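What the coordinates show
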Amino acid sequence: MHQSITALMDDVVAKNPAEPEFHQAVLEVLDSLGVVLERHPEYASARILERMVEPERVLMFRVPWSDDDGRPQINRGFRIEMNSAIGPYKGGLRFHPSVNLGILKFLAFEQVFKNSLTTLPLGGGKGGSDFDPKGRSDNEVMRFCQSFMTELQRHIGPNSDVPAGDIGVGGREIGFLFGQYKRIANEFTGVLTGKGLGWGGSLIRTEATGYGAVYFGKEMLATRGETFEGKTCLVSGSGNVAQYAVEKLLEFGGKVVTMSDSGGSIHDPSGIDAEKLAWMMDLKNVRRGRISEYAEHFPGVTYYPSDAAVDHNPLWAHEAQCAFPSATQNEVNAKDAANLVKNGVYVVSEGANMPTVAAGVELFNAAGILYGPGKAANAGGVAVSGLEMAQNSMRYSWSREEVDEKLQRVMADIHTSCLDAAERFGAPGNYVTGANIAGFLKVADAMLDQGLV
Ligand code: NDP
């Protein structure tokens, strides 16, 4: 690794203690950039990297709310405004009990490069809370969202910071958040994306991340003259990203045999067809049930409960050709990565953010499989969020076909820029290096142009 990069990494670890996910995300990017610094000393002299690892602003606040029994509840809210060199801060809100400063900083850091790759004018940010919507009534979720937005609204705006959804923040939460913003700010603007279709949302935004990860996989397969037709696919998660990845894979002739939630995973050897997927979507989005119920409802399905004592996830140990990790960070450990390669998987397109540990990424690259890292493969969500912002500004809506066509074009362009950058900087075929370098260059050049700010 370049000497100045090693020193910077040491500094990041010392200055941001107890934030392992942030260290992991920064290390992965820095690891790709040594060759860029050698060819472009101007980035090192302007200390671009040192600036990039430091968020422009970190907001942390108390979120008090009342549960259905009238008892006060206190959560912690965050917004990380990471980098605004190429546009307003943009990135989702995550509501999950595991949320902390380090996890949101890792997500905000990844978002900077991802948003740059989309070619849209979007800076990077991320936010959320350790609030757990699971098991809470709609009224409790509404009161929490209203309290969260009462503070957040001071810091966001359609031209400064535009949040969206992420884990635990879907259409219901975006609705409550938008309602409270509008009430306090007294203006109807595109301050959030992922809105309902009747009040400023874009067609295809709900589907975009899952569809986009499949479009990216399609581009990777096309480099070998192949398609998804007849291929067996492993998908993890059963939330927004996973559901639409499965839908698109079915449309492309793939056979999906797994899905999961935090309780465990299911293996359906006969394949999750359109009818079963509709049942699953109703289970997850309307009845808010658990994936174990799928195994109880459909014959021939095996349920594997999560077990922290087991050193691998059985979901990644089935025979298949393609894998779409679409649940959460570090869900594919080194053993899982080895199992995937051993069982025939040669296309991995990440719907989730940083779902594969560093040792797993190394293993994929060493095995020469088609590996699309999250910051490239899941950029379809934020890309359509960018298109939602454009439509809001025009006060106009594009048709489903128009948005889907733009999404496909963005994913194909990201794929090409990853391959081009990897080739130009001496790592042909390596999508990780390509994504990091292509994402970095645009932001770094904008930072150079804008001076020391
Ligand atoms: P959802 O909340 O809709 O779904 C998340 C899914 O992952 C659920 O099935 C959930 O299970 C499971 N999950 C969450 N945390 C864990 C955990 N610690 N262990 C095991 N399973 C877990 O979120 P999304 O589908 O929106 O997000 C999934 C991933 O995609 C995240 O990494 C997110 O950052 C990323 N992403 C999302 C985008 C979007 O547009 N929504 C855009 C780009 C990336 P359970 O219900 O039991 O919690």
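Read on for an overview of the structure. Please read these numbers as outputs of a predicted model, since none were measured by experiment.

1. As for the site of the ligand
With respect to spatial proximity, 25 residues lie near the ligand, and among them D166, T209, S262, R290 and N353 are the closest. One of the side-chain N or O atoms of R205 is found 3.1 Å from an oxygen atom in the ligand. Coverage of the ligand by the protein chains reaches 83% of its 890 Å² of free accessible surface. Of all the secondary structure elements, the ones that give two or more residues to the shell around the ligand are α8 (205–222), α9 (240–251) and β7 (255–261). Residues belonging to the shell around the ligand are distributed by class as follows: 4 nonpolar, 14 polar and 7 charged. In terms of domain composition, the shell around the ligand takes at least three residues from each of domain 1 (56–188) and domain 2 (208–377).

2. Observations concerning the packing of aromatic side chains
On inspection of all chains with the given rule, the structure shows 23 aromatic pairs. Ring geometry for W65 versus F144: centroids 6.1 Å apart, planes at 85°, classification edge-to-face. Placement of the pair is W65 in strand β1 (residues 57–66) and F144 in helix α6 (residues 138–152), with a sequence separation of 79 residues. Judged on exposure class, the residue W65 and its partner F144 are both buried. Seen from their ring centres, W279 and F298 are 5.2 Å apart, and the 75° between their planes marks the pair as edge-to-face. One end of the pair, W279, is in helix α10 (residues 274–286); the other, F298, is in the loop between α11 (292–297) and β9 (302–305), with 19 residues separating them in the sequence. The exposure class assigned to W279 is buried, which follows from its relative accessible area of 18%. If you follow K406 out to its NZ or CZ, it ends over the ring of W398, 4.5 Å from the centre.

3. Re the sheet that holds β1
Within a beta sheet, neighbouring strands are joined by backbone hydrogen bonds and run either parallel or antiparallel to one another. One open sheet accounts for 5 strands, arranged β1-β2-β4-β3-β5; its pairing is mixed. Bordering the open sheet on either side are β1 and β5 (161–164), each of which pairs with just one other strand. Direction aside, the axes of adjacent strands within the sheet are offset by 20° on average. Examined bridge by bridge, strand β3 (residues 89–95) and strand β4 (residues 124–129) share 3 bridges and lie parallel to one another. Following the sheet pairing, L93 is matched in β4 by G127. Packed on one face of the sheet, α6 meets β1, β2 (72–83), β3, β4 and β5 and runs near 145° to β1.

Conventions adopted
- Positions within a chain are numbered from 1, following the residues in the order the chain's sequence is written.
- Predicted model: local features are reported for residues with pLDDT of at least 70 only, side-chain atom pairs are reported and counted for 80 or more only, and whole-chain, interface and lining totals are derived from all residues.
- As a rule here, side-chain values come from all non-hydrogen atoms in the structure, and water together with hydrogens is ignored.
- Proximity is defined per residue: any heavy atom of the residue falling within 4 Å of a molecule or strand makes that residue near it.
- What qualifies as a polar contact is a pair of N or O atoms within 3.5 Å, subject to a donor-acceptor requirement within protein and to the restriction that residues adjacent in sequence count only when both atoms come from side chains.
- All accessible areas in this document rest on Shrake-Rupley with a 1.4 Å probe, and a residue is counted as covered only by the protein chains that are shown.
- We count a stretch as a helix when DSSP gives it H or I for four or more residues in a row; a strand needs E for two or more, and each element gets its number in order from the N terminus.
- Each residue gets one of three labels, nonpolar for Ala, Val, Leu, Ile, Met, Phe, Trp, Tyr, Cys and Pro, charged for Asp, Glu, Lys and Arg, and polar for the others, Gly among them.
- Where each domain begins and ends follows an automated or database-derived domain assignment.
- Ring geometry is summarised as follows: Phe, Tyr and Trp rings, the Trp one being its six-membered ring, pair when their centres sit within 6.5 Å, and such pairs are stacked at plane angles under 30 degrees, edge-to-face over 60 and tilted between the two.
- Each residue is placed in one exposure class: buried if its accessible area under a 1.4 Å probe, protein chains only, is under 20% of its type's maximum, exposed if it is over 50%, and partly exposed if it falls in between.
- Placement of a charge over a ring requires the Lys NZ or Arg CZ to be within 6 Å of the ring centre, with the centre-to-atom vector within 35 degrees of the ring normal.
- The rule for pairing is simple: two strands pair if DSSP sees at least two bridges between them.
- The axes used here are C-alpha line fits, helices contributing only the stretch in contact, and every angle between their N-to-C directions lies in the interval 0 to 180 degrees.
- Should any heavy atoms of two residues lie within 4.5 Å, those residues are considered in contact.

By themselves, these observations are geometric and do not establish any function.
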